[in-house]
Amino acid sequence: MNKIVNNYREIIRQIEFYKNKFSKTSKEVNLIAVSKNFPKQDIQILIDEGHTIFGENKVQEATSKWPQLKLNSREIKLHLLGPLQTNKIKPALKIFDVIETLDREKLAKKIKKYFDAEKETSKHKFFVQVNIGNEDQKSGVEVNYTKEFVKWCINDLNLNVNGLMCIPPIYGKAEVYFKELKRLCNDSNLEHASMGMTGDYGEAIRCGATFVRIGTGIFGGRD
Ligand SMILES: *Cc1c(COP(=O)(O)O)cnc(C)c1O
């Protein structure tokens, strides 16, 4: 069997295992197959397996890979997982269905402006990225500002925010940060918590993740 298919099925099994094991906190767990740095052929293998949720980090890479892949499979939902520069809002919203990196006021305002100008009723969903470890070098809104920011995006800008996303600090226990993100979700009444990658998705599911983002575990190592 193809290695990607093999990995994928194993991850699906693992997710089911964790979901049942931690059924108190995890009701719904969706898998985002993170296909950054991998070519269309590899992605198509998963689409043929029936997988529909994918993640990419860069607008430009997604724009070169996904229009064709999406053409044949209308069920696909593509998540943006990397930082969004304001000058790439238009191409980003054209190819992505969910923007997981809504992380600052300026970006939110410009997205709102774009929707107003297009006069389209947007089907996009947004997750606010939280700088869960309050690290200097990381993007994301501050933990203490999250509730206010979410409220502003929903009420004042009319953006369809229904989740939070985080990348915990490399050092330290991820669990502490996952629990914190879940608490923030509950605090703002948000349905989705996007947390957990190849190395720690079991932990994330235990803490109540509704989306886990897995690249290496499915596609293999990246250069
Ligand atoms: C690359 C990436 C992932 C996937 O990481 P793996 O360790 O390869 O599973 C998840 N989330 C974000 C934001 C990423 O950039």
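Quick caveat: nothing in here was measured; it's all calculated off a predicted structure.

A. View of unusual backbone geometry. Positioned with a positive phi, Asn-134 is a non-glycine residue whose angle comes to about 45°. For Asn-158, which is not a glycine, the phi torsion comes out positive at approximately 65°. In this structure, Asn-158 sits in the loop between helix H6 (146-155) and strand S7 (161-166).

B. Expanded view of helix H1 (residues 3-21). Here H1 is 19 residues long and its end C-alpha atoms lie 27 Å apart, about the 27 Å a rise of 1.5 Å per residue gives. Among all positions in H1, only Ile-4, Val-5, Tyr-8, Ile-11 and Ile-15 are buried. All buried residues of H1 project into a common sector of 125° when viewed along the axis, lining one side. Exposed residues lying more than 90 degrees from the buried face of H1 are Lys-3, Arg-13, Asn-20 and Lys-21. Next to the buried residues of H1 lie strand S1 (30-34), helix H2 (40-48), helix H8 (201-206), strand S9 (211-214) and helix H9 (216-219). The backbone nitrogen of Ile-4 has a side-chain oxygen 2.6 Å away, supplied by the residue at the start of H1, namely Asn-2.

C. Layout of the site of the ligand. Lining the immediate environment of the ligand, one finds Val-34, Lys-36, Asn-57, Leu-81, Ile-167, Met-197, Thr-198, Arg-213, Ile-214, Gly-215, Thr-216 and Arg-222. One of the side-chain N or O atoms of Asn-57 is found 3.2 Å from an oxygen atom in the ligand. Taking Thr-216, its side chain carries an N or O atom lying 2.5 Å from an oxygen atom of the ligand. Burial of the ligand by the protein amounts to 90% of the accessible area it has alone, namely 390 Å². Taken together, the residues that form the shell around the ligand break down as five nonpolar, four polar and three charged.

What counts and how
- Residues numbered from 1 in each chain as written.
- Predicted model: local features only at pLDDT ≥ 70, side-chain atom pairs only at ≥ 80, totals over all residues.
- Heavy atoms only, no water.
- Helix = DSSP H or I, 4+ residues; strand = E, 2+ residues; numbered from the N terminus.
- Expected span 1.5 Å × (residues − 1).
- Buried < 20%, exposed > 50% of the residue type's maximum accessible area, 1.4 Å probe, protein only.
- Arc of directions from axis to C-beta.
- Contact = heavy atoms within 4.5 Å.
- Polar contact = N/O pair within 3.5 Å; in protein donor to acceptor, adjacent residues only side chain to side chain.
- Near = heavy atom within 4 Å.
- Areas by Shrake-Rupley, 256 points an atom, 1.4 Å probe, with all protein chains shown as cover.
- Nonpolar A, V, L, I, M, F, W, Y, C, P; charged D, E, K, R; others polar.

It is worth stressing that arrangement in space is one thing and function is another; only the former is reported here.
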